[in-house]
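Report on the structure
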Amino acid sequence: KFIEPGFTARDNQGNLINNQVIRTTNLDTAILGTYSMNYSVTDAFGLTASKQRAIIVGDSTRPVITSKSNPYVHQVGTALDINSIVDVTDNYWPRSFITLDVQGALSVDVNKVGSYFVSFVARDNVGNVSNQVNVRIDVRDTRPPSLVLNGTNPMNWEVKTPFVAPCYRDWE
């Protein structure tokens, strides 16, 4: 929120005439840029004074990186999209204007079970740099084995008849 820092207007007798000051501006605090605020005052004798204040709307807020999970668990033997491990947000810039630098991604072997460490840093379009976020990536087998039942389910079995288990198949 922009807070007007104020002004003082006095007539040639030294009397305050702040209530007669007219302010005009093209200020838009939602868009980066240089704007002006114009001040004009006319005293009881019709004499006018004008001033202009430059207002620079800037962005000094760092992007924020949030890990989706830490450790991040990844299925062994499948492709890894390193950019999907974190979310990146910024107070002004859309994601397409933020650069994500990744350190350690090449050390992640998706075909070998283990823990790997990757660091992320984001930079927005005006050069604000996020804090570094470190994520542990655990490559492991996360798929449960499969099991297929033969026959019907539920099975109907006659009472007092010996039970014969149907064959089973293990598909793993």
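Look above for the structure.
Since the model is a prediction, treat every value here as computed from it, not as a measurement.

Criteria and cut-off values
- Residues numbered from 1 in each chain as written.
- Predicted model: local features only at pLDDT ≥ 70, side-chain atom pairs only at ≥ 80, totals over all residues.
- Heavy atoms only, no water.
- Phe/Tyr/Trp six-rings, centres within 6.5 Å; stacked < 30°, edge-to-face > 60°.
- Buried < 20%, exposed > 50% of the residue type's maximum accessible area, 1.4 Å probe, protein only.
- Pairing = 2+ DSSP bridges.
- Helix = DSSP H or I, 4+ residues; strand = E, 2+ residues; numbered from the N terminus.
- Axes fitted to C-alpha atoms, helices over the stretch in contact; angles between N-to-C directions.
- Core = buried A, V, L, I, M, F, W, Y, C linked by side-chain atoms within 4.5 Å.
- Contact = heavy atoms within 4.5 Å.

Side note on the packing of aromatic side chains
For any pair of aromatic rings, the description rests on two quantities: the centre-to-centre distance and the angle between the ring planes. A full pass over the atoms with the stated rule returns 4 aromatic pairs. Measuring from centroid to centroid gives 4.9 Å for Tyr-92 and Trp-93, while their planes differ by 85°, and the two rings are edge-to-face. For Trp-93, a relative accessible area of 15% translates into the label buried.

Some details on the sheet that holds strand 2 (residues 33-42)
Taken together, 3 strands build an open sheet; the order of strands is 1-2-3 and the sheet is antiparallel. Edge positions in the sheet fall to strand 1 (22-25) and strand 3 (48-57), since each has one partner strand and no second. For this sheet, the mean angle separating the axes of adjacent strands, direction not counted, is 20°. Pairing of strand 2 with strand 3, which is carried by 10 bridges, proceeds in the antiparallel orientation. Counterpart to Tyr-35 in the pairing with strand 3 is Ile-55.

Some details on the nonpolar core
Judged by nonpolar contacts, the single largest core of 19 residues is most densely connected at Ile-65, Ile-85, Val-86, Phe-120 and Ile-137. At the level of secondary structure, the elements contributing two or more residues to this core comprise strand 6 (86-89), strand 8 (114-123) and strand 9 (133-140). With near-sequence residues (within four places) excluded, Ile-65 lies in contact with Val-86, Asp-87, Val-88, Leu-100, Phe-120, Val-121, Ala-122, Ser-130, Asn-131 and Val-133. Judged by nonpolar contacts, the second largest core, of 7 residues, contains Val-21, Tyr-39, Val-41 and Ile-55.

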